[in-house]
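Listed below are the residues making up each chain.
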Amino acid sequence: MSSQSQSGDSSRSVLHRLMGGSTLVALLSVVLSIVLGGLLIAVTDERVAETSSYFFSRPGDMLSAAWEAASGAYIALFQGAVFNPRADTLAGSIRPFTETLTVATPLILAGLGVAIAFRTGLFNIGAQGQIIIGATFAAWVGFTLELPPGIHLLIAVLAGFIGGALWGFIPGILKARTGAHEVIVTIMLNYVAVYLVAYLLFTPAFQNPGSSNPISPRLDDSAMFPLILGSGYRLHLGFLVAIAATYGVWWLLNRSTTGFELRAVGANPHAARTAGISVTKGYVVVMMLAGGLAGLAGVAQVAGTEKVLTGGIAASFGFDAITVALLGRSHPWGVFFAGLLFGAFRAGGVQMQTQTGTPIDIVLVVQSLIVLFIAAPPLIKAIFRIDQKKKKKKSNKPDRSEDITTPTAAGGLA
Amino acid sequence: MSTATEARPKKQAPGATVRNWKAPIGFGIGALVALLVFAAGSPAQTAVFRISDDSDRFRLADVALPATAVGWFTAVALTLLAVYAFLQVRNGRKLNKWIPIIYGVLFMIGFLTWVVGSANTPSISLSGLIAGSVTLAIPLIFGSLSGVLCERVGVVNIAIEGQLLSGAFAAAVAASISGNAYVGLIAAAFAGTMVSLVLAVFSIKYFVNQIIVGVVLNVLVSGLTGFLASTLLSRDPGAFNSPPSLPDISIPLLSELPIIGAILFKQSIVGYLMYVAVIVIYIGLFHTKWGLRVRAVGEHPQAADTMGIKVNSTRFWNVLLGGAVAGFGGAFFTLVSVSAFSRDMTAGAGYIALAALIFGRWNPIGAFFAALLFGFFTNLQYVLSIVGTSVPSQFMAMLPYIVTILAVAGLVGRSRPPAASGTPYMKE
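The rules behind these values
Residues numbered from 1 in each chain as written. Chains lettered and ligands numbered in written order. Predicted model: local features only at pLDDT ≥ 70, side-chain atom pairs only at ≥ 80, totals over all residues. Helix = DSSP H or I, 4+ residues; strand = E, 2+ residues; numbered from the N terminus. Rg over C-alpha atoms; globule rule 2.2 N^0.38 Å. Buried ≥ 20, exposed ≤ 12 C-beta atoms within 10 Å, placed from the backbone. Contact = placed C-beta atoms within 7 Å. Pairing = 2+ DSSP bridges. Nonpolar A, V, L, I, M, F, W, Y, C, P; charged D, E, K, R; others polar. Axes fitted to C-alpha atoms, helices over the stretch in contact; angles between N-to-C directions. Parallel < 35°, antiparallel > 145°, perpendicular 65-115°, else oblique. Left-handed = near helix turned anticlockwise from the far one by under 90°. pLDDT = per-residue confidence, 0-100. Expected span 1.5 Å × (residues − 1). Arc of directions from axis to C-beta. Core = buried A, V, L, I, M, F, W, Y, C linked by C-beta atoms within 7 Å.

> Kindly report on the overall build of chain B, identifying the contributing residues and their values.
The number of helices and strands found in chain B is 17 helices and five strands. Expected size for 428 residues packed as a compact globule is a radius of gyration near 22 Å; at 23 Å, chain B falls within 12% of this value. Once the C-alpha set of chain B is aligned to its principal axes, its extents read approximately 65 × 60 × 40 Å. By residue count, 53% of the 428 residues in chain B fall in the buried class.

Here's what the structure looks like:
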């Protein structure tokens with residue numbers, strides 16, 4: 001249904017799309033979520049609680065306290081994510097933005113993995129495990145093999161992709177051969193990956209010699225992503241890999257035969273089977289691709305940002321990737337920008353937490369609210385009273401044109 | 001999907017014999033493991049399983065199993081079963097449904113004897129192991145009952161995790177403020193219902209993909225409770241986050257029976273509620289008019305609608321009920337298990353509950369036993385780490401998850417979810 005809405009979109013005027021279409025809904029969703037998040041910050045603020053005790057004698061005190069709490073937190077978040085005017089140099093001012101790009105890199109890559117599976121009708125909850133295994137493979141290549149620069153990095157990236165693909169292959173083949181539901185299998189594999197790495201990091205092959213902590217040796221410099229803007233910033237070449245992967249997935253889905261078959265399987269597996277497309281092969285192929293992309297996110301983490309393998313290498317990127325894919329409506333470039341937005345939230349959230357003491361969890365709240373609202377355009381339209389007159393004809397079918405790409409096959413837990 | 005085709009082997013034409021090699025292959029791998037590990041790698045010790053605790057009034061003797069003998073016995077028996085399964089399938093005959101169960105029990109005996117026999121102190125308390133399993137399974141069982149209620153009516157509930165977490169949070173806060181654990185219990189059910197309300201409104205009214213709403217709700221609840229825990233709760237833990245515990249209620253005499261005493265007659269109110277919920281939901285779903293309607297809506301909403309059942313309102317109320325049930329399970333975390341809320345304390349229990357529900361084939365009793373199996377493996381890992389086993393603890397920790405994957409791929413592949421589960425109903 002999304003492909004239909006896409007082609008339908010292009011025939012409408014840009015203005016119409018901006019005013020009544022999904023862009024406006026997306027924008028309003030973001031605004032509404034930020035406002036709700038701000039309310040939450042204000043309500044739980046200590047000074048607001050103090051001033052509320054004499055609200056009826058001096059209401060202005062409480063309102064200004066509430067405003068300060070919410071706006072202070074968001075300003076800190078913005079300064080931590082985009083531009084910091086208080087820094088002494090220009091280099092310091094733009095550092096937050098490079099941090100955003102750094103954090104967005106694994107989000108985009110893993111988000112693409114979730115999205116591509118989604119387009120084929122599979123719900124890949126396993127990005128977390130796929131990131132971990134990808135990072136493990138890449139790290140092992142990085143600190144064990146001795147190869148010339150360039151080739152070493154290439155092999156490490158390849159190993160990460162293969163590691164993730166392997167972890168994606170398991171749910172894919174089980175789904176294709178036995179019908180085991182990929183949601184369950186990928187969730188379970190996340191846990192297996194966590195414990196597997198926890199075990200490996202205590203074995204001589206992975207543990208840093210001389211350390212009793214579960215931490216690997218540092219990756220060789222030759223296996224590390226070069227820093228794009230010099231040593232002053234953490235931004236590394238992995239971000240360019242993310243851009244390339246976004247383009248690659250876009251090309252695969254929209255320009256290649258394989259992509260067409262995958263989308264056909266996602267839209268209607270029965271019809272695809274009738275048309276001679278192998279559904280089982282599609283499931284295996286797409287899960288390997290999805291796992292591989294998430295594995296690349298693991299490489300970005302271990303060979304770019306973290307430089308060593310630890311049990312927490314994947315942070316919560318695998319789960320955030322699901323919301324990124326949903327917000328991006330499973331379209332590659334949508335995922336890219338959703339990844340940037342959530343990367344900004346995360347990078348800024350860290351700054352906000354240290355500066356104003358607002359817990360970073362607020363970022364999770366705002367992110368999930370955004371996805372919820374965007375998924376339900378009628379709700380947003382009802383809240384902001386858009387399109388009410390035009391929709392008077394009241395068709396029986398609800399307005400699903402702006403629905404997130406939701407393949408029918410991803411429905412029941414079969 | 002592909003399960004649907006496998007789900008009804010009886011409908012195949014009588015002439016066509018479809019041989020399902022899944023069982024013999026699985027049996028064969030298991031037998032090989034048993035031969036290599038349980039038999040060839042058997043320790044020269046005797047594994048002791050203590051049936052009774054010292055406090056029990058009625059006591060049974062301990063069971064002592066020589067590891068080598070039991071290892072070889074189970075390995076040979078498992079191999080014979082694998083060969084039998086192979087022959088049956090080759091001749092195109094169906095496997096008796098008891099064979100996998102016998103196989104599983106034998107495998108468990110072999111595994112337990114091996115793993116306990118190779119521990120530093122080869123002796124564990126069987127009653128403690130089982131009682132602990134039930135305790136660990138309580139929130140899982142509530143969670144999967146919530147899933148059963150939702151899926152049977154055609155709504156996939158991925159938000160079990162969020163419902164449990166919100167229940168745990170609300171129970172901690174409400175019980176702390178009121179000083180009464182029972183108020184916390186009610187608040188937990190209310191919080192679970194609120195999460196369900198969002199799920200119901202978005203998936204039934206706004207037709208948003210149910211899995212998406214569920215996943216997002218889990219993130220939302222995690223963020224919300226984490227935020228509140230580190231603002232309100234951490235500011236004054238004494239007032240907001242020190243809930244009184246629900247005490248264990250022992251039934252005189254019966255609670256002193258070996259093994260079943262501890263699991264059936266010495267539980268907190270949440271534990272007893274769990275047994276009641278399993279039985280009531282089972283009877284309700286399969287032996288009442290309400291249950292028939294619920295299942296009709298989940299299987300064929302168009303037909304149910306034609307018969308005059310209000311599809312979407314049935315779905316709505318069932319989802320809310322599911323939330324309340326999961327909320328009780330959440331209360332277990334803060335009112336029984338630990339007496340304070342900490343962020344993300346459910347630690348994926350909701351996802352395990354989801355797996356248990358599928359493993360249990362969308363049936364309350366099945367989900368109950370599946371959740372028990374998880375509880376058993378989780379507790380086994382704790383017990384074994386105490387007696388000191390040679391198996392790395394991480395592999396023991398993996399066991400429940402690997403067992404689930406094997407179960408979902410092997411056993412449940414043939415089961416079938418409610419037909420309309422996951423698809424919104426729009427009146428034509």
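Alright, that's what it looks like, and here's the rest.
> Explain the overall build of chain A residue by residue, including any values.
On a plain count of helices and strands, chain A comes out with 17 helices and zero strands. Considering only residue pairs separated by 6 or more positions, chain A has 74% of its internal contacts joining residues 24 or more positions apart.

> Provide a residue-level description of the pairing of strand S1 (residues 46-50) of chain B, including the pertinent values.
Residue and element names in this part refer to chain B. Here four bridges tie S1 to strand S2 (residues 63-66), and the two strands are oriented antiparallel to one another. Residue pairing in the sheet places Phe49 in a bridge with Val63 of S2. In terms of strand pairing, S1 meets strand S3 (residues 123-125) through three bridges, oriented parallel. Residue pairing in the sheet places Phe49 in a bridge with Ile124 of S3.

> Provide a residue-level description of the interface of chain B and chain A, including the pertinent values.
If you look at the interface, chain B gives 53 residues, while chain A gives 48 residues. For the side of chain B that touches chain A, a count of residues per class yields 32 nonpolar, 15 polar and six charged.

> Tell me about the sheet that holds S2 of chain B, and please be specific about residues and values.
What links the strands of a sheet is backbone hydrogen bonding, and the strands pair in either a parallel or an antiparallel sense. Residue and element names in this part refer to chain B. With respect to topology, three strands assemble into an open sheet ordered S2-S1-S3, the strand pairing being mixed. Looking along the sheet, the strands with just one partner apiece sit at the ends: S2 and S3. Taken over all neighbouring pairs, the strand axes of this sheet differ in orientation by 20 degrees on average, direction set aside. Helix H4 (residues 98-117) contacts S1, S2 and S3 of the sheet and is inclined by roughly 105 degrees relative to S1. Running at roughly 50 degrees to S3, helix H5 (residues 126-152) makes contact with S1 and S3 of the sheet.

> How would you sum up the packing of helix H7 (residues 181-205) of chain B against helix H14 (residues 311-337) of chain B? Please name residues and give values.
Residues and elements named next belong to chain B. Two numbers describe how H7 lies on H14: the axes approach to 6 Å, and their chain directions differ by 140 degrees. In terms of orientation, H7 and H14 fall into the oblique class. Handedness of the H7/H14 crossing: right-handed.

> For the confidence of the model for chain A, give the residues involved together with the corresponding values.
Keep in mind that low pLDDT regions are not for reading the predicted coordinates in detail. Residue and element names in this part refer to chain A. In this model, chain A carries a mean pLDDT of 84, and residues with pLDDT of at least 70 account for 88%. Within chain A, no element has a lower average pLDDT than helix H1 (residues 2-11), which sits at 40, and none a higher one than helix H7 (residues 127-144), at 95. Segment residues 1-20: pLDDT under 50, and 15 contacts once partners within four positions in sequence are set aside and those in other chains are kept. Counted against residues more than four places away or in other chains, residues 391-414, with its pLDDT under 50, gives 65 contacts.

> Requested: an account of the environment of Gly179 of chain B, with residues and values cited.
Within the secondary structure, Gly179 of chain B is located in the loop between helix H6 (160-178) and H7. Classification of Gly179 of chain B by C-beta neighbours within 10 Å gives exposed; the count is 11.

> A description of unusual backbone geometry should follow, citing residues and the corresponding values.
With the exception of glycine, most residues fall at negative phi, and the peptide bonds are largely trans. Of note in this structure, Ala315 of chain A is not a glycine but carries a positive phi near 45 degrees. Counting through the fold element by element, Ala315 of chain A comes out in the loop between helix H13 (279-305) and helix H14 (317-327). Phi is positive for Asp344 of chain B, which is not a glycine, with a value near 50 degrees. Summarising the element assignment, Asp344 of chain B is placed in the loop between H14 and helix H15 (349-359). On the basis of neighbour count, Asp344 of chain B is assigned to the partly exposed category, with 17 C-beta atoms found within 10 Å.

> Describe helix H12 (residues 289-299) of chain B, with residues and values.
Listed in full, the buried residues belonging to H12 of chain B are Val294, Ala296, Val297 and Gly298 of chain B. Among the structural elements, H5, helix H11 (269-287), helix H13 (301-306) and H14 of chain B are those in contact with the buried residues of H12 of chain B.

> Break down helix H10 (residues 238-255) of chain A for me, citing the residues and quoting the values.
All names here are of chain A. Here H10 spans 25 Å end to end across 18 residues, near enough to the 26 Å set by a 1.5 Å rise per residue. Taken as a whole, H10 has its buried residues at Gly238, Phe239, Val241, Ala242, Ala245, Thr246, Val249 and Leu253. Along H10, the residues classed as buried sweep out an arc of 145 degrees about the axis, all on the same side. Looking at H10, the residues exposed on the side facing more than 90 degrees away from the buried face are Ile243, Ala244, Trp251 and Arg255. Residues of H10 that are buried sit in contact with helix H6 (90-119), helix H11 (257-267), H13 and helix H15 (332-356).

> Give me the environment of Gly172 of chain A: which residues, what numbers.
Residue and element names in this part refer to chain A. Within the secondary structure, Gly172 is located in helix H8 (residues 151-178). Sequence-wise, Gly172 and Gly113 are 59 residues apart; in three dimensions their C-alpha atoms are separated by 13 Å. Dropping the residues within four chain positions of it, Gly172 is found in contact with Tyr283, Val284, Met287 and Met288.

> Hey, could you go over the nonpolar core for me, with residue numbers and the actual values?
Judged by nonpolar contacts, the single largest core of 279 residues is most densely connected at Leu109, Ala110 and Ala138 of chain A together with Ile141, Ala171, Ala356 and Ala371 of chain B. At 17 residues, H13 of chain A tops the list of elements feeding residues into this core.

> Tell me what's going on with the confidence of the model for chain B, and back it up with residues and numbers.
Residue and element names in this part refer to chain B. The predicted model of chain B averages 84 in pLDDT, with 93% of residues at 70 or higher. Here residues 1-15 scores under 50 on pLDDT; set against residues more than four positions off or in separate chains, the count is 18 contacts. Interface confidence for the predicted complex, expressed as ipTM, amounts to 0.83; the pTM equals 0.85.

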